[in-house]
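Topology and contacts: notes
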Amino acid sequence: MVNYTLSPGIRFPCAPSSSLCKSHSTGFNGDRSSPASLSFSLKKPSFSRKILARKSSIDSDSSNIAVTASEKTTVPGVEVDESSSSLTDQLEAPGKVSEESQVLDDVQRLTMKDAENAEVAVEQKTSINLHEADVAEKVESKPGSVPPPGTGQKIYEIDPSLSGFRQHLDYRYSEYKRLRAEIDKYEGGLEAFSHGYEKFGFCRSEKGITYREWAPGAMSAALIGDFNNWNPNADVMTRNEFGVWEIFLPNNADGSSPIPHGSRVKIRMDTPSGIKDSIPAWIRFAVQAPGEIPYNGIYYDPPEEEKYVFKHPQPKRPKSLRIYESHVGMSSTEPKINTYANFRDDVLPRIKKLGYNAVQIMAIQEHSYYASFGYHVTNFFAPSSRFGTPDDLKSLIDKAHDLGLLVLMDIVHSHSSNNTLDGLNMFDGTDSQYFHSGSRGYHWMWDSRLFNYGSWEVLRYLLSNARWWLDEYKFDGFRFDGVTSMMYTHHGLQVEFSGNYNEYFGFATDVDAVIYLMLVNDLIHGLFPEAVTVGEDVSGMPTFCVPVQDGGIGFDYRLHMAVADKWIEILQKPDEDWRMGDIVHTLTNRRWMEKCVSYAESHDQALVGDKTIAFWLMDKDMYDFMALDRPSTPRIDRGIALHKMLRLVTMGLGGEGYLNFMGNEFGHPEWIDFPRGEQLLPTGERLAGNNNSYDKCRRRFDLGDAEYLRYHGMQEFDRAMQHVEDAYGFMTSEHQYISRKDEGDRIIVFERGDLVFVFNFHWNNSYSDYRVGCLKPGKYKIVLDSDDRKFGGFGRLKHDVEYFSFDGWYDNRPRSFMLYAPSRTAVVYALVENEKQPEPEAADDSLES
């Protein structure tokens, strides 16, 4: 284990020992990776629907909108005729929504300000006005600016069905504009408002260090740490009328910092819950010392010569987004916690060679419980110390930029760890500082706290947090976790979203949270025009990926979460029960003019208690029959063939972006099991641990690289798939046409761009002289063949054959050509005149560095 020494008395590891970081809060049993549920996505169990009326804390004079449930419901997005084997042209015409909406004539008015928030509202608006001298300091201007709000009316042109819910949507937009106006009035604009990290926490100046903390519930506060021998009487803080505590520490006589770099620091407060030592809410680094359970805040301010300086410009946003989702800690082939440095040197080149243009990194924000997969955040401004230092993370991001890769952060603003020692929970001794009080502030499935997005200081904190990662670390955007949980007071639990618009616009909608999402997208896209935002939403919320000025929520992409669930459903059926129309419907069922990122399987499926696609298909045969020098089995042959087909059809039809979780590109044979000891659940039930083992908390990249194993062919197919997309840009083509979904032949044929995709899902039948429709005349040639021997196939197709189109309508296409369609094979054909072969010499290279 490598340790860094920052100052006398404190060392922190970049790769901790195998001891499990235990929870510090009563009954804490992890986040969505808890063995109790072992699921990170917003699952939708079929229970009776429960709707809770919301109370907003934004405006006491405004009304919310109540709507009745319509009898007629549809699935969100574009209707697709599943029974027809003819055509669907999903991207060339707007989708139609068939629900009949009703609005109550007697709109119930709600009191929009809870009594508990009433007295906080006044102090929230001006709590940053701490000292005139500090406020006068001007923030350095950055490229870009946040545009003023638009009219918010274009959503009704995009989707006329929204007109029936105009009262709710116009109310939402008016509240957004009102909040923007108040931020302009009291804070000098959204740009200045999002610079909270330059006013709160530790702020270094030429004269010394100012430390500020918003803790309105505290009765006294003192800054303690190594620098003052943890003496609570040495540096007592003063409180202003808005609940902000402050202290200024002048430089030492020799001009050195009053708090040495690397010092452990905490704030001691006398709170309604007793004396409490907390890690500063805005801390930029936090470390768990070897052998200790609590974390310590670290004053991180290295000398200028030791700070990492970015050398490479950030790449421009690609038109086609191909994301490699990863977790730094479990990215080693060895059973250990990997480091930022090793990920930079070993994994980033792999991602580049595979053909992805973006890496999405999970578990960056500090989380005291490793097995939470990074979703139980304790320190929102601090990168996880398990993997190295903040400067190590910057070096990783800079290297990715040098390779031309975007770096997206999996950011968690949907909830917070309920850890009271290390995190925000009960920070000032009250349960309502950053979160809703009572049951509304607690997520019963995730065992975590829920933010009050109607609070001024919570908005400052979260908006500043998003900007911090973009400004300080040069991240290129975010994947926002758990957005469905944010947008509804029922959090998407015990609710089956049918697509009826009444499910989206009513009392169950948390308008405060939706407005926060509008603000953060406004901020990101205004100040960082090339940044990408992806939202994890399972509900299908309309306007989710429409720009804020047009009345939308403002995300660039929605994760097409239904696809992965559909594949798991299909894989539990025999081949004879697979329905081509059902597959096509799920892949294309998305909202017109709202972009999606699709994926065949999520990281959830790799967790203990669930199965990856590879495991569903091949199960235990993967352990004994994946070596090329051994005979295969029917199960292995079927599994490898379908694994490739599922990935390609998902990429081909599922959206405008594609995502893969690391290891899934070659059908990783083992699950993910984080090191954990025995756990006591709130119910009193005990769950066995795994002796804090790291054996299943790693990725066996060596299997995909081994040319003597069948995993290698699966990995090479994924690589070829990415390079074909890079060459032809089919995912972002405006032309998408499904000409055949034949339930008898088990054939799917579609065009995307100038490519023709032919999928034969039949388990036995291969078809000679099979006719497929096409749009453009000319000569076609194979550019991707899942049956190629180098991809672990049987090599039944010759790649030097040319396919000439001939006129005449077929499958509602003006032309067609004849081909051979082997069983369980996917083949992509391209017009030779537009041929852009994807670096054939690179396709044969090994991914080994």
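Please read all numbers here as calculations on a predicted model, not as lab measurements. (Residues numbered from 1 in each chain as written. Predicted model: local features only at pLDDT ≥ 70, side-chain atom pairs only at ≥ 80, totals over all residues. Heavy atoms only, no water.)

In this structure the tally under the stated criterion is 55 aromatic pairs. Ring geometry for tyrosine 370 and tyrosine 694: centres 6.3 Å apart, planes at 35°, overall tilted. Highlighted residues: tyrosine 370 in the loop between strand S14 (365–366) and strand S15 (379–383) and tyrosine 694 in the loop between strand S26 (686–687) and helix H15 (701–705), separated in sequence by 324 residues. Here tyrosine 370 matches tyrosine 694 in class, with each residue buried. Ring geometry for tyrosine 780 and phenylalanine 817: centres 4.7 Å apart, planes at 20°, overall stacked. Taken as a pair, tyrosine 780 in strand S31 (residues 779–785) and phenylalanine 817 in strand S34 (residues 813–821) lie far apart in primary sequence, 37 residues in all. (Phe/Tyr/Trp six-rings, centres within 6.5 Å; stacked < 30°, edge-to-face > 60°. Helix = DSSP H or I, 4+ residues; strand = E, 2+ residues; numbered from the N terminus. Buried < 20%, exposed > 50% of the residue type's maximum accessible area, 1.4 Å probe, protein only.)

Our focus in this paragraph is helix H6 (residues 340–354). Relative to the 21 Å expected for 15 residues at 1.5 Å per residue, H6 spans 20 Å between its end C-alpha atoms, a close match to the ideal helical length. For H6, the principal kink sits at valine 347 and spans about 35°; a proline, proline 349, occurs within the next four residues. Tyr340, Phe343, Val347, Leu348, Pro349, Arg350, Ile351 and Leu354 are the residues of H6 that are buried. In this structure, the buried side of H6 is in contact with strand S12 (321–327), strand S13 (358–362), S15, helix H7 (390–402), H15 and helix H16 (710–728). Positive phi appears at glycine 355, one or two residues downstream of H6, with a value of about 105°. (Expected span 1.5 Å × (residues − 1). Bend = angle between axes of the 7 residues up to and from the residue. Contact = heavy atoms within 4.5 Å.)

If you walk across this open sheet you meet the three strands as S17-S19-S18, and the pairing is antiparallel. The open sheet is flanked by strand S17 (416–417) and strand S18 (442–443), the only strands paired with a single partner. Bridging between S18 and strand S19 (residues 448–449) involves two bridges; their strand directions are antiparallel. Bridge assignment links histidine 443 to a residue of S19, and that residue is serine 448. (Pairing = 2+ DSSP bridges.)

The next subject is the pattern of salt bridges. Under the counting rule described, the total for this entry stands at 50 salt bridges. Ionic pairing is found between glutamate 191 and arginine 467, a salt bridge with its closest N-O pair at 2.9 Å. Highlighted residues: glutamate 191 in helix H5 (residues 190–193) and arginine 467 in helix H8 (residues 456–472), separated in sequence by 276 residues. Overall, arginine 467 belongs to the buried group, its relative accessible area being 1%. Salt-bridge contacts for arginine 796 lead to aspartate 787; the nearest nitrogen and oxygen are separated by 3.0 Å. Using a relative accessible area of 29% as the deciding quantity, one classes arginine 796 as partly exposed. (Salt bridge = Lys/Arg side-chain N within 4 Å of Asp/Glu carboxyl O.)

This is a description of form; function is not addressed.
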